[in-house]
Amino acid sequence: MSNEYKSIHEFDLRLIYEYFSTMERQGPGSPEITIKALSFIDNLTNESKIVDIGCGTGGQTMVIANNTSGNITAIDLSSIFIDIFNINTQKLNLQDRVNGILGSMDNLPFQNEELDLIWSEGSIYNIGFERGINEWHKFLKKGAFVAISEASWFTQERPVEIDEFWNREYPEIDTISNKVTQMEKAGYIPIATFVLPEYCWTENFYAPQVSAQEKFLQKNVGNKTAEEFVENQRHEAKLYKKYKEFYGYVFYIGKKI
Ligand code: SAM
């Protein structure tokens, strides 16, 4: 196994989808944090149109559904995730008002000023925070909300090792104040920002990966790319443990002006 770590973007998407499909969540978060973010949103009714972008298998979507009464469309690029998502809605008897569809966040199938809430946990990085909040703005009604969790720096300065890692993975990682400024420029009132607690990463994201990695390696025995991918995930988890005071996920809640 080489000591050179690849960027996650260099791996085959199917491999990544297979790896994460066995997990309840595909990014850091928790039901309590989704509910906390929801508590800042005050315009929702039975008629509300809610969209969850980059929903994965729907860990957070089902929490939104159980704590709101509107209709939810959830979108993801992965058909593996969307299939699991729609099985989950049936199991929870939410299929009448929650629908998972295949699609891309850079080509959303909505009308201008149609939506009451755009949700996106740990996914906007796929097109970049600034591009996403600007492009999605037109789909929201006036006074409607966005709620987005996004990798952010907690400090102005940080050790070189973690700075280089993130600049390779996601160069748009930035400080909370810079992200808030981007929201203001994009036409949102910043309603709230809060940092996700560490357990959202350690217990909810990295811990379930430990047993998933064993199963994944058994299934892909002898597959060097799979081994390298697991090695990369382990490296990322070690970096989080070492440098968690410098970065994490932050929820950004904004209201369209
Ligand atoms: N929101 C989920 C969660 O927190 O568990 C999933 C987060 S996961 C880190 C990122 C998700 O973005 C994946 O489900 C991936 O398939 C999806 N994704 C990647 N590119 C996308 C795109 N262009 N449009 C929609 N979804 C995309």
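Computed from a predicted structure; not experimentally measured. (Residues numbered from 1 in each chain as written. Predicted model: local features only at pLDDT ≥ 70, side-chain atom pairs only at ≥ 80, totals over all residues. Heavy atoms only, no water.)

**Overview of the overall build of the protein**
Each helix and strand in the protein was counted, giving 9 helices and 8 strands. Taken over the C-alpha trace, the protein has a radius of gyration of 18 Å; the compact-globule value for 257 residues is 18 Å, and the two agree within 12%. Across its three principal directions, the C-alpha atoms of the protein cover 55 × 45 × 30 Å. Looking at the protein residue by residue over its 257 residues, the buried ones come to 50%. For the protein, the proportion of contacts with a sequence separation of at least 24, taken over those separated by at least 6, is 77%. Summed over all atoms, the accessible surface of the protein reaches about 12200 Å², with 49% contributed by carbon and sulfur. (Helix = DSSP H or I, 4+ residues; strand = E, 2+ residues; numbered from the N terminus. Rg over C-alpha atoms; globule rule 2.2 N^0.38 Å. Buried < 20%, exposed > 50% of the residue type's maximum accessible area, 1.4 Å probe, protein only. Contact = heavy atoms within 4.5 Å. Areas by Shrake-Rupley, 256 points an atom, 1.4 Å probe, with all protein chains shown as cover.)

**Comments concerning the pattern of salt bridges**
Summed over the entire model, instances satisfying the criterion amount to 12 salt bridges. A salt bridge links Glu121 to Arg25, with the nearest nitrogen and oxygen atoms 3.0 Å apart. Of the two residues, Glu121 is situated in strand 4 (residues 115–121) and Arg25 in the loop between helix 1 (13–21) and helix 2 (31–38); the sequence distance between them amounts to 96 residues. Note on accessibility: Glu121 and Arg25 belong to one class, buried. Linking Glu114 and Lys49 is a salt bridge whose minimum nitrogen-to-oxygen distance equals 3.0 Å. Here Lys49 lies in strand 1 (residues 49–53) and Glu114 lies in the loop between strand 3 (98–102) and strand 4, a separation of 65 residues in the sequence. You can call Lys49 partly exposed: its relative accessible area is 38%. (Salt bridge = Lys/Arg side-chain N within 4 Å of Asp/Glu carboxyl O.)

**Quick look at the environment of Ile75**
Along the polypeptide, Ile75 turns up in strand 2 (residues 71–76). For the pair Ile75 and Asn134, spaced 59 residues apart in sequence, the C-alpha separation works out to 18 Å. When neighbours within four sequence positions are excluded, Ile75 is seen to be in contact with Asp52, Ile53, Gly54, Cys55, Ile82, Ile101, Gly103, Ser104, Leu108, Pro109 and Phe110.

**Thoughts on the UniProt feature "domain: Methyltransferase" (unreviewed entry) in the protein**
Mapped onto the present numbering, the UniProt feature "domain: Methyltransferase" (unreviewed entry) falls on residues 50–143. The distance separating the terminal C-alpha atoms of residues 50–143 is 14 Å; by composition the span is 31% helix and 28% strand. (UniProt positions renumbered as here; feature names shortened; annotations may be inferred.)

**As for the pairing of strand 3**
For a regular strand, side-chain orientation follows a simple rule: the groups alternate between the two sheet faces. Judged from the 5 bridges that link them, strand 2 and strand 3 form a sheet pairing that is parallel. Bridge pairing links Ile72 to Val98 in strand 3. Considered for its hand, the β-α-β crossover made up of strand 2, helix 4 (residues 79–91) and strand 3 is right-handed. (Pairing = 2+ DSSP bridges. Right-handed = clockwise from strand over helix to strand, strands pointing away.)

**Some thoughts on helix 6 (residues 160–169)**
Residues of helix 6 that are buried include every one of Ile162, Phe165, Trp166 and Glu169, and no others. Take helix 6 and look down its axis: the buried residues cluster within an arc of 90 degrees, on one side only. (Arc of directions from axis to C-beta.)

**A word on the nonpolar core**
Membership of the largest hydrophobic core comes to 78 residues, with the highest contact counts inside it found for Trp119, Trp136, Trp166, Tyr247, Phe251 and Ile253. No other element matches strand 5 (residues 140–153), which puts 8 residues into this core. Excluding residues that lie within four positions of it along the chain, Ile253 makes contacts with Ala37, Phe40, Ile41, Phe145, Val146, Ala147, Met183, Ile189, Pro190, Ile191, Ala192 and Phe194. (Core = buried A, V, L, I, M, F, W, Y, C linked by side-chain atoms within 4.5 Å.)

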